Amino acid sequence: MHRAAFVHAGLNGNYTARRVGAADLAQAVADLRRPGVLGANLSLPHKESAVALLESLTPAARAIGAVNTIVHMDGQLRGDNTDAPGLLAALADADAPTGGLSVVLGAGGAARAAVYALRQAGREVLIVNRTHARAQALAAELGGRAAWPETAPWAAVTLLVNASSAGLDAPHDSPLSTFPALDPRALVYDMVYQPAETRLLRDARRAGLRAENGLGMLAHQARLAFAAWTGADVPVRVFLEALHAAADAP
Ligand SMILES: NC(=O)c1ccc[n+]([C@@H]2O[C@H](COP(=O)([O-])OP(=O)(O)OC[C@H]3O[C@@H](n4cnc5c(N)ncnc54)[C@H](OP(=O)(O)O)[C@@H]3O)[C@@H](O)[C@H]2O)c1
């Protein structure tokens, strides 16, 4: 995605992936202070532990307590979280209903970004997680209410966001063993994009609902990170086309 964005923006840059173990995270982050490095993305499990290694945080990264993007400026590293606005942009593209209740499934880093983003957008949020105590702790910290799947007011739910890792590389696994009866206008948004069609999305479509996987969010969070590193505003379609090309590659 980012290589395609460099080409589109006419910039001479490169983006590479690197596997970093927990013991090497501090050194890998310190390496970002070298001249010529624009920054980095972080993925699981470093999004939270990297916070302490940075000079500053954006308000979103501070509130969420997790960074997915590091921006390098003159030897100083700033942590940002583009998952939160990336989700909102993907929901807007999918024409998600704005009224009614929103449910976030999960209570890990992605769920924290989702709850923060949806609350910032003025939505009423319920958090449902396999470990209920974590949902309660998240609601106490970022707002919203924790709910049990058995007693949540599903019929009032117009947006269901899966921010749990259930379904990731597991096409038969769903965070909801029984798919609930949602408001018929509801959008089901699964942050998982691998596989492209999760059991949750299949269940939602079978119930006659609109359902989207997490590729749009992935593209939008990348677009925002790229803009933070380079100042270039590259259209989201460039990121999406690169994602689809990668998915179609043998
Ligand atoms: N589309 C995007 O751009 C994007 C961006 C960020 C993340 N993601 C995706 O979001 C997902 C979550 O990431 P994360 O960083 O938040 O992970 P995480 O911090 O490890 O949290 C995982 C969450 O999933 C729950 N969970 C795991 N397996 C489950 C199962 N079988 N049934 C029900 N709940 C289950 C966990 O529940 P417990 O609390 O009970 O352990 C926990 O709340 C991943 O699939 C990731 O790829 C997508």
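Everything quoted here is computed from the prediction, not taken from an experiment.

**Re helix α1 (residues 2-9)**
Note that an α-helix has 3.6 residues per turn; residues three or four places apart therefore point the same way.
Next, step 1: Residues H2, A5 and F6 constitute the buried set of α1. On an axial view of α1, the arc spanned by its buried residues comes to 100°, and they lie on one face.
Next, step 2: Check the buried side of α1 and you find it contacts β1 (39-41), α8 (215-230) and α9 (236-248).
Next, step 3: Looking one or two residues beyond α1, the residue adopting positive phi is G10, at roughly 70°.

**Re the domain arrangement of the protein chain**
Next, step 1: As far as domains go, the protein chain holds domain 1 (2-81 + 227-248) and domain 2 (84-213).
Next, step 2: With centres defined by C-alpha atoms, the gap from domain 1 to domain 2 works out at 26 Å.
Next, step 3: The interface of domain 1 with domain 2 comprises 6 residues on the first partner and 7 residues on the second.
Next, step 4: Roughly 600 Å² of surface becomes buried between domain 1 and domain 2 when both sides are summed, with 60% attributable to carbon and sulfur atoms.
Next, step 5: A per-residue breakdown of the area domain 1 buries against domain 2 is headed by A63, I64 and N81, which together make up 66% of the total.
Next, step 6: Seen at the junction of domain 1 and domain 2, the total is 2 residue pairs in polar contact (both at pLDDT 80 or more).

**Concerning the sheet that holds strand β8 (residues 157-162)**
Next, step 1: Across the sheet, which stays open at both edges, the 6 strands sit in the order β7-β6-β5-β8-β9-β10 with parallel pairing between neighbours. A single partner strand is all that each edge strand has here, and the edge strands are β7 (145-146) and β10 (210-212).
Next, step 2: Of the pairings in the sheet, the one linking strand β5 (residues 101-105) to β8 comprises 5 bridges and is parallel in character. Bridging across to β8, V104 finds its partner in V161.
Next, step 3: Against the sheet, helix α4 (residues 83-93) engages β8 and β9 (187-190), with an angle of about 140° to β9.
Next, step 4: The strands that helix α5 (residues 109-120) touches are β5, β6 (124-128) and β8; relative to β5, the one it contacts most, it runs at about 165°.

**Some points on the sheet that holds strand β3 (residues 69-73)**
Next, step 1: Taken in spatial order, the 4 strands line up as β1-β3-β4-β2 in an open sheet, and their pairing is mixed. Of all strands in the sheet, those with a lone pairing partner are β1 and β2 (56-57), marking the two edges.
Next, step 2: In this sheet, strand β4 (residues 76-80) lies alongside β3 in antiparallel orientation, the contact comprising 5 bridges. Paired with M73 across the strands is Q76, a residue of β4.

**Some words on the nonpolar core**
Soluble globular proteins tend to pack their nonpolar side chains together in the buried interior.
Next, step 1: Membership of the largest hydrophobic core comes to 31 residues, with the highest contact counts inside it found for L87, L91 and V104.
Next, step 2: Elements with a minimum of two residues in this core: α3 (59-64), α4, α5, β6, α6 (132-142), β8 and β9.
Next, step 3: Ranked by the residues each element gives to this core, the list is headed by α5, at 7 residues.
Next, step 4: Two domains each donate at least three residues to this core, and these are domain 1 (2-81 + 227-248) and domain 2 (84-213).
Next, step 5: Not counting the four nearest positions on each side in its chain, L87 is found in contact with A114, V161, Y189, M191 and M217.
Next, step 6: By size, the runner-up hydrophobic cluster in this structure holds 20 residues, among which are L105, V157, L160 and F179.

**Here we look at the site of the ligand**
Next, step 1: Neighbouring residues of the ligand: 24 residues in total, closest A107, A110, N129, T131 and R134.
Next, step 2: In the model, an oxygen atom of the ligand is placed 3.1 Å from a nitrogen or oxygen of the G109 main chain.
Next, step 3: For the ligand, an oxygen atom lies 2.4 Å from a polar atom in the side chain of T131.
Next, step 4: For the ligand, whose unbound accessible area comes to 930 Å², protein coverage reaches 83%.

**Looking at unusual backbone geometry**
Next, step 1: Note the cis peptide between L44 and P45, where omega equals 5°.
Next, step 2: Of note, the phi angle at D95 is positive, near 55°, even though the residue is not glycine.
Next, step 3: The exposure class assigned to D95 is exposed, which follows from its relative accessible area of 58%.

Reading guide: rules and limits
- Residues numbered from 1 in each chain as written.
- Predicted model: local features only at pLDDT ≥ 70, side-chain atom pairs only at ≥ 80, totals over all residues.
- Heavy atoms only, no water.
- Buried < 20%, exposed > 50% of the residue type's maximum accessible area, 1.4 Å probe, protein only.
- Helix = DSSP H or I, 4+ residues; strand = E, 2+ residues; numbered from the N terminus.
- Arc of directions from axis to C-beta.
- Contact = heavy atoms within 4.5 Å.
- Domains from an automatic or database assignment.
- Buried area = accessible area lost by both parts, 1.4 Å probe.
- Polar contact = N/O pair within 3.5 Å; in protein donor to acceptor, adjacent residues only side chain to side chain.
- Pairing = 2+ DSSP bridges.
- Axes fitted to C-alpha atoms, helices over the stretch in contact; angles between N-to-C directions.
- Core = buried A, V, L, I, M, F, W, Y, C linked by side-chain atoms within 4.5 Å.
- Near = heavy atom within 4 Å.
- Areas by Shrake-Rupley, 256 points an atom, 1.4 Å probe, with all protein chains shown as cover.

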